[in-house]
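Single-letter residue listing:
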Amino acid sequence: MSNPEQGTPVHEFHREIDTRGLNCPLPILRAKKALAEMESQQVLRILATDPGSMRDFQAFARQTGNELLGQETAGKEFIHYLKRR
């Protein structure tokens, strides 16, 4: 796991999207669009401020077959790592 104070990422990632300030369903929609533009096995890092994004991305991973590699909370921000199927 990472130490949020040090800002060390849990996972290597290929692309990052910033959905801070956006509420459901926008973080999911932006992630879906970004994943569609990525290659299989690449990792997407999503920055969010919507507390509901924690469960939203868990459900999204189950429904789409993309792998949720990890989730972090850093203050009022939520960081998600998805691996494209």
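Rules of the game
- Residues numbered from 1 in each chain as written.
- Predicted model: local features only at pLDDT ≥ 70, side-chain atom pairs only at ≥ 80, totals over all residues.
- Heavy atoms only, no water.
- Helix = DSSP H or I, 4+ residues; strand = E, 2+ residues; numbered from the N terminus.
- Polar contact = N/O pair within 3.5 Å; in protein donor to acceptor, adjacent residues only side chain to side chain.
- Contact = heavy atoms within 4.5 Å.
- pLDDT = per-residue confidence, 0-100.
- Buried < 20%, exposed > 50% of the residue type's maximum accessible area, 1.4 Å probe, protein only.
- Pairing = 2+ DSSP bridges.

1. A look at the side chain of Asn 66
In this structure, Asn 66 sits in the loop between helix H2 (53-64) and strand S3 (67-74). Of the polar contacts made by the side chain of Asn 66, one reaches the side chain of Thr 64; its length is 2.9 Å. Among the polar contacts made by the side chain of Asn 66, one reaches the main-chain amide nitrogen of Arg 85 at a distance of 2.9 Å. Residues in contact with Asn 66, not counting those within four places in the same chain, are Leu 35, Phe 60, Ala 61, Lys 83, Arg 84 and Arg 85.

2. Digging into the confidence of the model for the protein chain
Confidence along the protein chain averages 91 in pLDDT terms, with 88% of residues attaining 70 or more. In the model, residues 1-7 has pLDDT below 50 throughout and makes nine contacts with residues more than four positions away in sequence or in other chains.

3. Section: the pairing of strand S4 (residues 77-83)
Along S4, five of the seven residues are buried, which leaves the element largely enclosed by surrounding structure. Where strand S2 (residues 43-48) meets S4, six bridges bridge the pair, whose relative direction is antiparallel. Its bridge partner being in S4, Ala 48 is matched across the sheet by Phe 78. Sheet topology places S3 next to S4; seven bridges connect them, and they run antiparallel. Residue pairing in the sheet places Ala 74 in a bridge with Glu 77 of S4.

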